[in-house]
Amino acid sequence: GESVGLHLPTLSVQEGDNSIINCAYSNSASDYFIWYKQESGKGPQFIIDIRSNMDKRQGQRVTVLLNKTVKHLSLQIAATQPGDSAVYFCAENRRAAGNKLTFGGGTRVLVKP
Amino acid sequence: GAGVSQSPSNKVTEKGKDVELRCDPISGHTALYWYRQSLGQGLEFLIYFQGNSAPDKSGLPSDRFSAERTGGSVSTLTIQRTQQEDSAVYLCASSLASGSGAQYFGPGTRLLVL
């Protein structure tokens with residue numbers, strides 16, 4: 001069936017290092033992929049999205065890579081800071097499905113000082 | 001500008017009571033979504049409104065759950081005869097109809113059914 005999932009449930013990162021969060025998807029018909037950050041007690045916060053016809057997109061300290069051959073998505077955070085500690089979700093959007101996002105299970109990132 | 005707002009932020013109720021949760025989407029966003037998130041879990045889609053179209057209710061877990069959106073803006077999610085398993089964070093999101101469909105979330109309502 002259709003699914004969006006994450007490889008690692010928890011990622012511990014030293015402050016200042018780069019973080020890489022991975023996500024696998026199974027639906028080749030997705031139009032967009034989106035990353036969200038959710039801090040404790042808050043709603044998910046939009047980070048960055050990438051269209052399915054792109055391989056890479058960069059934002060402020062973040063880069064999303066899309067490998068359609070192996071149906072893999074990753075979020076790279078440069079120079080990880082304590083404020084980056086949160087749960088990160090990937091989501092896929094198929095416009096034909098009415099823009100309902102399908103979310104992965106989430107990866108918790110813990111930044112060690 | 002103002003983001004998505006939800007009220008109440010927290011709600012404690014007794015089993016069997018009805019509850020209403022409110023969502024104010026971002027102005028100009030035509031799409032509105034409700035999700036449920038249990039502790040430590042991902043997001044479970046509940047219902048989706050897009051403009052004047054009939055809502056997509058495919059995610060509602062039972063007929064005790066209903067939602068409406070008045071005037072294309074504010075939405076209310078109603079849970080009748082609440083059960084303990086309804087305890088969760090209920091999140092509302094809104095988006096534009098164009099672009100990636102990226103949804104912008106409110107802070108959520110934390111519902112506890114005793």
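In case you missed it, the structure is sitting above this.
The sections below set out a description of the structure shown in this document. Keep in mind that what you see is a predicted model, and the values were worked out from it rather than measured.

How each quantity is defined
- Residue indices begin from 1 for each chain and proceed along its sequence in written order.
- To read the labels, note that chains go from A and ligands from 1, taken in the order they are written.
- The predicted nature of this model means local features are confined to residues of pLDDT at least 70 and side-chain atom pairs, given and counted, to a pLDDT of 80 or more, with totals for whole chains, interfaces and linings taken over all residues.
- Computation of side-chain values covers all heavy atoms of the structure but excludes hydrogens and water.
- Secondary structure elements follow DSSP: runs of H or I no shorter than four residues count as helices, runs of E no shorter than two count as strands, and numbering proceeds from the N terminus.
- Radius of gyration here is computed from C-alpha atoms only, and the compact-globule reference equals 2.2 Å multiplied by the residue count raised to the power 0.38.
- For every accessible area listed, the method is Shrake-Rupley and the probe measures 1.4 Å; residues are considered covered only by the protein chains on display.
- His residues and chain termini do not enter the charge count, which takes Lys and Arg as positive and Asp and Glu as negative.
- Charge placement uses NZ in Lys and CZ in Arg. For Asp and Glu, CG and CD serve respectively.
- The rule is simple: take the accessible area with a 1.4 Å probe, protein chains only, and divide by the maximum for that residue type; under 20% is buried, over 50% is exposed, in between is partly exposed.
- What makes two residues a contact is simply this: any of their non-hydrogen atoms within 4.5 Å.
- Every case where a carboxyl oxygen of Asp or Glu lies within 4 Å of a side-chain nitrogen of Lys or Arg is listed as a salt bridge.
- Polar contacts, as used here, are pairs of N or O atoms within 3.5 Å; protein pairs need one atom able to donate a hydrogen and one able to accept it. Residues neighboring in sequence count only if both atoms are side-chain atoms.
- For two strands to count as paired, DSSP must find a minimum of two bridges between them.
- The angle between two axes is taken between their N-to-C directions and runs from 0 to 180 degrees, where each axis is a line fitted to C-alpha atoms and a helix contributes only its stretch in contact.
- The quantity reported as buried area is the accessible area (1.4 Å probe) lost by two parts once they are put together, taken as the sum for both.
- Only protein atoms enter the 1 Å grid used here. Points where a 1.4 Å probe fits but cannot escape make up a cavity, open sets with protein on both sides within 12 Å along at least five of seven lines make up a pocket, and a residue lines them when an atom lies within 4 Å of a point.
- Grid points are joined across faces, edges and corners, and a volume is the space filled by probe spheres set on the points.

**Thoughts on the overall build of chain A**
So, step 1. Tallying secondary structure elements over chain A gives zero helices and 11 strands in all.
So, step 2. The helix and strand sequence of chain A, counted from the amino end, reads β-β-β-β-β-β-β-β-β-β-β.
So, step 3. Rg of the C-alpha trace for chain A: 13 Å, near the compact-globule value of 13 Å for 113 residues, within the 12% margin.
So, step 4. In the structure as shown, chain A presents an accessible area of about 5,500 Å², 46% of it carried by carbon and sulfur atoms.
So, step 5. Of note, chain A has its 13 positive side-chain charges centred 3 Å away from the centre of its 9 negative side-chain charges.

**Description of the overall build of chain B**
So, step 1. On a plain count of helices and strands, chain B comes out with zero helices and 10 strands.
So, step 2. Walking chain B from its N terminus toward its C terminus, one meets helices and strands in the order β-β-β-β-β-β-β-β-β-β.
So, step 3. Judged by the C-alpha coordinates and their principal axes, chain B covers about 40 × 25 × 25 Å.
So, step 4. Buried residues in chain B amount to 47% of all 114 residues.
So, step 5. Taking as baseline every contact in chain B between residues at least 6 positions apart, the subset at least 24 positions apart corresponds to 55%.
So, step 6. In the structure as shown, chain B presents an accessible area of about 5,400 Å², 48% of it carried by carbon and sulfur atoms.
So, step 7. Computing the positive centroid from 10 side-chain charges and the negative centroid from 10, chain B places the two 2 Å apart.

**A word on the pattern of salt bridges**
Pairs can form between side chains of opposite charge whenever their charged atoms are close.
Residues and elements named next belong to chain A.
So, step 1. A complete count under the given rule lists seven salt bridges over all chains for this structure.
So, step 2. The closest approach of N and O atoms between Asp49 and Arg57, which form a salt bridge, is 2.4 Å.
So, step 3. Here Asp84 ties to Arg61 by a salt bridge, and the two come within 2.9 Å at their closest N and O atoms. Residue Asp84 is located in the loop between β8 (72-77) and β9 (86-93), and its partner Arg61 is located in the loop between β6 (56-58) and β7 (62-67); the two are separated by 23 residues in the primary sequence.
So, step 4. Exposure remark for Asp84: the relative accessible area of 6% places this residue in the buried category.
So, step 5. Given the relative accessible area of 30%, Arg61 is considered partly exposed.

**Here's the deal with the side chain of Arg64 of chain B**
All names here are of chain B.
So, step 1. Mapping Arg64 onto the fold places it in the loop between β5 (43-50) and β6 (65-69).
So, step 2. A distance of 3.2 Å separates a polar atom in the side chain of Arg64 from the backbone oxygen of Arg81.
So, step 3. Residues within four places of Arg64 in sequence aside, it is in contact with Thr78, Ile79, Gln80, Arg81, Thr82, Gln83 and Asp86.

**Side note on the sheet that holds strand β3 (residues 19-24) of chain B**
All names here are of chain B.
So, step 1. Across the sheet, four strands lie side by side as β1-β3-β7-β6; this open sheet has antiparallel pairing. Bordering the open sheet on either side are β1 (5-7) and β6, each of which pairs with just one other strand. Along the sheet, successive strands turn relative to each other by an average axial angle of 15°, direction set aside.

**Side note on the environment of Asn27 of chain A**
So, step 1. Position of Asn27 of chain A relative to the elements: it lies in the loop between β3 (19-25) and β4 (32-38).
So, step 2. Only 2.8 Å separates the side chain of Asn27 of chain A from the backbone nitrogen of Ala29 of chain A, close enough to count as a polar contact.

**Side note on the interface of chain A and chain B**
It is common to report an interface's size as the accessible area lost on association of the parts.
So, step 1. Counting residues at the interface gives 20 residues for chain A, matched by 23 residues for chain B.
So, step 2. Buried area between chain A and chain B, summed over both chains or domains, comes out near 1,600 Å², and the portion from carbon and sulfur atoms is 51%.
So, step 3. Taken together, the connections running from chain A to chain B amount to three residue pairs in polar contact (both at pLDDT 80 or more).
So, step 4. If you list the elements that add at least two residues to the side of chain A that touches chain B, you get β4, β5 (45-51), β9 and β10 (101-103) of chain A.
So, step 5. Per-element tally for the side of chain A that touches chain B: the top contributor is β4 of chain A, with four residues.

**Things to note about the layout of surface pockets**
So, step 1. The calculated volume of the largest pocket comes to roughly 480 Å³.
So, step 2. As for the largest pocket, its lining consists of 26 residues, and the residues nearest its centre are Gln38, Gly41 and Arg108 of chain A together with Gln37 and Gly40 of chain B.
So, step 3. If one sorts the elements of the lining of the largest pocket by residue count, strand β11 (residues 107-112) of chain A sits on top with four residues.
So, step 4. Estimated volume of the second largest pocket: approximately 190 Å³.
So, step 5. Taken together, Lys37, Gln45, Phe46, Ile47, Ile48, Gly59, Gln60, Arg61, Val62, Ile77, Asp84 and Tyr88 of chain A make up the full set of residues lining the second largest pocket.

Function cannot be inferred from these measures alone, as they are strictly geometric.
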